[in-house]
Amino acid sequence: MTVTVQITDVSKRYGRIDAASGVSFELGQGEMVALIGHNGAGKTTLMKLMLGLIHPTHGSIRVLGEDPAAGQFSARRRLGYLPENVSFDASLTGRETQRFYARLKQEPLAKAEQLLDVVGLGAAADRRVGTYSKGMRQRLGLAQALIGRPQLLLLDEPTTGLDPELRQTFYDAIQRLAAEGTTVLLCSHVLTELEERAGRVIIMNRGVKVADGSLDELRRLARLPTKIRLKVSGLASGEVPSWLAASTPHRRLNGHIVEIDAAPEQKLDLLRRVMAAGTSVEDLDVMSPSLDELYAHFLRSAETPR
Ligand code: ATP
């Protein structure tokens, strides 16, 4: 894996607040990683450190092989950043805004203007930004971040203010970039939308990294039960099916539906037993622990004294 970002034992202190404490991770080329955590967990602090906007109190950071705090322009040009609260000059048009940022990044103006089409703002390119809706300003922020085909894209709450269709368009564009080799780090509180999109999730709590891995890896570590919901015909009220050990946590949701909490190692065995028993299963749903549940689990573990 070609490493784009290397964060080693990084801490950032603001007076008495530890915004980041001993954080280490690497981001590889083409990875799409979600950075999640409660308000104040240290997500924006990590992004600002990668951008070189603030300096670490301790530890080292390498972005595209350089120290961002050293302010080398060559590395900055290869970064794209969408801040949480985008703010543009209201008197400029979308097109003028793109041209302004393209000049700052020393990138071709025409290519920067074309990005307005990519984010669906082509038709509004010559309108003043002051007349844009929140979602349109957010998309202009993304168009700005994409100038110069960045090798690292840092997106802080990028889908705030976007309707479901625009969110989909937005993620399609980001996934295309990642497939072409751009590393994408994305902060969001909307975990359901990250679930099937981010290849990897980093969970922060009070400045400390508490989990890091793919959804499957986090599920293996958390060992939360999988919910298996079966619609079974011919079960008498209160009857426990023969294929279900009484010790296995389960609920009868109504006359036909049994919901079982299966431990990871029980899952396949349970399904085999159901099938072998010739039970008249009319329907089956297998619900792996969601990112919401995993997130709550890792935060709980981090807060529980050992
Ligand atoms: P959110 O989800 O609300 O955006 P976050 O995870 O991005 O939160 P940060 O903005 O990184 O959190 O803040 C981490 C901690 O550092 C918070 O306690 C915050 O109050 C503090 N902090 C951030 N910037 C400063 C600053 N310039 N001066 C003092 N404290 C700061």
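Worth saying up front: this structure is predicted, and the values here are computed from it rather than measured.

Trainee: For this particular structure, what's the right way to read helix H6 (residues 164-179)?
Mentor: Side chains of residues three or four places apart in an α-helix project in the same direction, reflecting 3.6 residues per turn. In a regular helix each residue adds 1.5 Å, so 16 residues correspond to 22 Å; H6 covers 22 Å between its end C-alpha atoms and thus fits that length. The secondary structure elements touched by the buried residues of H6 are strand E3 (32-36), helix H5 (134-145), strand E6 (152-156), strand E7 (183-187) and helix H7 (191-195). Just past H6, the residue Gly181 takes up positive phi, approximately 115°.

Trainee: Which parts of the structure should I look at to understand the pattern of salt bridges?
Mentor: When their charged atoms lie close together, side chains carrying opposite charge are able to pair. Under the criterion given, the structure shown has 19 salt bridges. Residues Arg219 and Asp216 are paired through a salt bridge, measuring 3.6 Å at the closest nitrogen-oxygen approach. One end of the pair is Arg219 and the other is Asp216, both in helix H8 (residues 215-222) and 3 residues apart, which spans about a single turn. Close ionic contact of Lys231 with Glu282 constitutes a salt bridge, the shortest N to O distance being 4.0 Å. With Lys231 in strand E10 (residues 226-232) and Glu282 in strand E13 (residues 281-287), this residue pair connects regions lying 51 residues apart in the sequence.

Trainee: Any chance you could explain the domain arrangement of the protein here in plain terms?
Mentor: For interface size, the figure often reported is the accessible area lost on association. The domains assigned to the protein are domain 1 (3-220) and domain 2 (225-288). Of note, the centres of domain 1 and domain 2, computed from C-alpha atoms alone, are 44 Å apart.

Procedures and definitions
- For every chain, the first residue of the written sequence is number 1, and numbering continues from 1 along that sequence.
- Only residues with pLDDT of at least 70 get local features here, since the model is predicted, and only at 80 or more are side-chain atom pairs given and counted; chain-wide, interface and lining totals rely on the full set of residues.
- Side-chain descriptors were evaluated using all non-hydrogen atoms of the structure, hydrogens and water having been removed beforehand.
- Helix numbers and strand numbers start at the N terminus; a helix is a DSSP run of H or I with at least 4 residues, a strand a run of E with at least 2.
- Any helix carries an expected span of 1.5 Å times its number of residues minus one.
- Contact between two residues is taken to exist if any of their heavy atoms lie within 4.5 Å; hydrogens are not considered.
- Definition used for salt bridges: Asp or Glu carboxyl oxygen within 4 Å of a side-chain nitrogen of Lys or Arg.
- Domain start and stop positions are those given by an automatic or database domain assignment.

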